[in-house]
Amino acid sequence: MSLRWLFGPTKKKENENPEVKKLIKTLKNKDWTECETAARSLGKIGDARAVQSLIDVIQNAIRDRGFVQAFAGLATSPRQQALYRLKQEMDRNKSMFAACGAAAEALARIGDPRAIKPLVDFLTFDQRAPEVATSLVAFGEPAVAQLSATLKSADPFDRMRHQSTAAVLGRIGGPQAMDVLIGALKDSDLLVREAAAKALGQCGEARATEPLMALLKDESSKVHNAAAQSLEKLNIPSAQEPIVRKKRAMKTPKFVEKRRTPSGTYEVYRGSDAESARDFLKSKTVNEKQYYIKVETSTGNWGKDIDGLYLERLVPFQLEINSAQCEGSICGMPTPAGLQYAANRIADNFVVQVKCGKCGHKWEDGIGYKNMTVVRCPSCNSLNKVDSGPHITGMPGLLGFKIEI
Ligand SMILES: [Zn+2]
């Protein structure tokens, strides 16, 4: 039996790492790089005496660098101006963020709850110091109350933190964090609703399904899009149908005008992309000659007339053959009228079903007559090179089209 055992561990100094005091002193340096190194070492040692000094690093960063002033300015000066100043400040202070990140990590390792508040205060900058957010996640449930208070606060200083606060809550997960986030879905600020909806997708818990589905009707597109994305992530079967319906509604081309011209009547719509334009046109029927339903999109103007679906003209990218990433194939028959128009050069393309050389997806697209054309696969986004030459036989007036079956 040793003497030491008899007297108990009275001599704390024996357990002390002599380095710790020196490192704590270095934390008080104004040199952020040295400060970072010291914080990293302290994190590895994990000595509780370092807690207050590590917290000071974060609080000094907030104070010294004028963040508080920048934020205080939010209430009186234009928000954008304050944000701009803040960004400039942040760019100048990369080493400071690295030091704060190291301090945050050390605090999370030591696990002293006193660190939670300063860490939440620093959270606004989590894009520059992701360690701060990760450290709060490591604290877990004990951090929820402070995060919740910030999320509910109306103070402009706190409002700046709403997105990062909600994201951290989403990463912490668990019933308490979920309650806070579900409550935040009803916040009057659309940015809070959006952030909470995104975070709930991250929680991955089915309980979020109902409240998120209710949010699909939110007046703000930011909010209902975030809710739809999160529902998709949660992958709850009962939620899939409303999402699909929602997505379709979002992409449905909007009516612009009905024009009567000597060449015919045009019903014009504005759509988001070629794929949704084609889907929309497939649901339409045209029985009248010289009647055109046209959907203008940034990736081509698609239309439908009595002869079927057509692409008004090829989009410039479709002619850049060298940009192709794979070779697609033609796997359907064009309409005789469409092919005839292309042969007679009335149109620079005809519509036919093509197949992606990369993922095998099939869709209808515009292809040049006896030529190479680039088409973008709506499923995997690959640029496919398609050659119509080998398929076309005969000549205008007596055209043939062959495909391998
Ligand atoms: Zn594909």
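All residue numbers refer to position in the chain's written sequence, counted from 1. Per-residue local features of the predicted model are confined to residues with pLDDT of at least 70, and side-chain atom pairs are confined, for both listing and counting, to 80 or more; whole-chain, interface and lining totals are unaffected and use all residues.

Draft legend 1. Representation of helix 12 (residues 162-172) within the structure. The burial criterion counts other C-beta atoms lying within 10 Å of a residue's C-beta, which is placed from the backbone; the residue is buried at 20 or more, exposed at 12 or fewer, and partly exposed between these limits. Numbering of helices and strands runs from the N terminus; a helix is a DSSP stretch of H or I covering at least four residues, while a strand is a stretch of E covering at least two. Of all 11 residues in helix 12, nine are buried, a share of seventy percent or more. When we look at burial in helix 12, the residues that qualify are His 162, Gln 163, Ser 164, Thr 165, Ala 166, Val 168, Leu 169, Gly 170 and Ile 172. Where helix 12 terminates, the next one or two residues include Gly 173, which has phi positive at roughly 65°.

Draft legend 2. Up close: the packing of helix 2 (residues 18-27) against helix 3 (residues 32-45). With their axes 8 Å apart at the nearest point, helix 2 and helix 3 run at an angle of 145° to one another. In this structure, helix 2 crosses over helix 3, and the sense of that crossing is left-handed. Every residue of helix 3 that contacts helix 2 at Val 20, Leu 23, Thr 26 and Leu 27 is listed here: Glu 34, Cys 35, Ala 38, Ala 39, Ser 41, Leu 42 and Ile 45. Here the term charged refers only to Asp, Glu, Lys and Arg, the term nonpolar to Ala, Val, Leu, Ile, Met, Phe, Trp, Tyr, Cys and Pro, and the term polar to all other amino acids, Gly among them. Of the residues contributing to the contact of helix 2 with helix 3, the split by class is eight nonpolar, two polar and one charged. Axis lines are fitted through C-alpha atoms, for helices just across the contact stretch, and the angle between N-to-C directions can take any value from 0 to 180 degrees. Crossings are assigned a handedness: left-handed for a near helix turned anticlockwise from the far helix by less than a right angle, right-handed for a clockwise turn. Remark: residues whose backbone-derived C-beta atoms lie within 7 Å of one another are considered to be in contact.

Draft legend 3. View of the environment of Lys 152. Mapped onto the elements of the fold, Lys 152 is located in helix 10 (residues 144-152). Owing to 15 C-beta atoms within 10 Å, Lys 152 belongs among the partly exposed residues under this scheme.

Draft legend 4. Quick peek at the confidence of the model for the protein. The predicted model of the protein has a mean per-residue pLDDT of 84, with 85% of residues at 70 or higher. Scored from 0 to 100, pLDDT reflects the predictor's confidence in each residue. Ranking the elements of the protein by mean pLDDT puts helix 1 (residues 3-7) last, at 36, and strand 11 (residues 383-387) first, at 97. Across residues 68-75, confidence stays below pLDDT 50; counting only partners more than four residues off in sequence or on other chains, it has 13 contacts.

Draft legend 5. Inspection of the sheet that holds strand 2 (residues 264-270) at higher detail. We treat two strands as partners when DSSP finds at least two bridges between them. In spatial order, the strands read 1-2-3-4-5; together these five strands make up an open sheet with mixed pairing. With partners counted over all chains shown, the strands left at the sheet margins are strand 1 (254-261) and strand 5 (308-311), one partner each. Neighbour to neighbour, the strand axes of the sheet diverge by 20° on average, direction disregarded. With five bridges connecting them, strand 3 (residues 291-297) and strand 4 (residues 300-305) associate as antiparallel partners. Directly across from Lys 294, in strand 4, lies its bridge partner Gly 303.

Draft legend 6. Representation of the nonpolar core. The biggest cluster of nonpolar side chains holds 65 residues, and the ones touching the most others in it are Ala 39, Cys 100, Ala 103 and Leu 119. It is helix 7 (residues 94-110) that provides the largest number of residues to this core, a total of 11 residues. Once residues lying within four places of it in the same chain are set aside, the contact partners of Ala 39 are Leu 27, Leu 54, Val 57, Ala 99, Ala 102, Ala 103 and Ala 106. Put simply, a nonpolar core is buried Ala, Val, Leu, Ile, Met, Phe, Trp, Tyr and Cys residues tied into one set by C-beta atoms within 7 Å.

Draft legend 7. Molecular detail of the sheet that holds strand 11. Read from one edge of the open sheet, three strands run 6-11-10, paired in mixed fashion. Single-partner strands in this sheet number two, and they are strand 6 (326-327) and strand 10 (372-376). Pairing analysis gives two bridges linking strand 6 to strand 11, with the strands arranged parallel. Among the inter-strand pairings, Cys 326 is bridged to a residue of strand 11, identified as Asn 384.

Draft legend 8. View of the pairing of strand 2. Bridge count for strand 1 against strand 2 is seven bridges, and the pairing is antiparallel. Bridge pairing in strand 2 places Thr 261 opposite Gly 264. Linking strand 1 to strand 2, which pair antiparallel, is a turn of two residues. Of the strand pairs in this sheet, strand 2 and strand 3 are connected by six bridges, and their pairing is parallel. Bridged to Arg 270 within strand 3 is Glu 296. You can see the chain leave strand 2, run along helix 18 (residues 274-282) and come back into strand 3, and the turn it takes is right-handed. Call a crossover right-handed when, viewed with both strands pointing away from you, the route from the first strand across the helix to the second goes clockwise.

Draft legend 9. Up close: the environment of Tyr 310. For Tyr 310, the location among the structural elements is in strand 5. The residues touching Tyr 310, leaving out its near neighbours within four places in the chain, are Gly 303, Asp 305, Gly 338, Ala 347 and Val 351.

Draft legend 10. Broad picture of the packing of helix 7 against helix 9 (residues 130-139). Axis separation between helix 7 and helix 9 bottoms out at 8 Å; the angle between their running directions is 10°. The angle between helix 7 and helix 9 falls in the class roughly parallel. Between helix 7, through Cys 100, Gly 101, Ala 104, Glu 105, Leu 107 and Ala 108, and helix 9, the contact on the second element is made entirely by Glu 131, Val 132, Ser 135, Ala 138 and Phe 139. Looking at the contact of helix 7 with helix 9 residue by residue, the classes come out as seven nonpolar, two polar and two charged. These descriptions rest on fixed angle ranges, namely under 35 degrees for roughly parallel, over 145 for roughly antiparallel, 65 to 115 for roughly perpendicular, and the rest for oblique.

Draft legend 11. Structural view of helix 16 (residues 221-234). Expected helix span is computed as 1.5 Å times (number of residues minus one). Between the first and last C-alpha of helix 16 there are 20 Å, a value that for 14 residues agrees with the 20 Å anticipated at 1.5 Å per step. Of all the residues in helix 16, the buried ones are Val 223, His 224, Ala 226, Ala 227, Ala 228, Ser 230, Leu 231 and Leu 234. Looking one or two places after helix 16, you find Asn 235, whose phi comes out positive at around 55°.

Draft legend 12. Inspection of the environment of Leu 147 at higher detail. The residue Leu 147 is located in helix 10 in this model. According to the C-beta neighbour criterion, Leu 147 is buried, with 26 such atoms within 10 Å. For Leu 147 and Val 168, which are 21 residues apart along the polypeptide, the C-alpha to C-alpha distance reads 8.2 Å. Apart from residues lying up to four places away in sequence, Leu 147 is in contact with Val 120, Thr 165, Val 168 and Leu 169.

Draft legend 13. Structural detail: unusual backbone geometry. One non-glycine residue, Arg 345, adopts positive backbone phi at about 65°. Locating Arg 345 in the fold gives a position in the loop between helix 19 (336-343) and strand 8 (350-355). Since 9 C-beta atoms lie within 10 Å of it, Arg 345 is described here as exposed. The backbone phi angle of Lys 370 is positive, close to 45°, even though this residue is not glycine. Inspection of the secondary structure puts Lys 370 in the loop between strand 9 (362-367) and strand 10.

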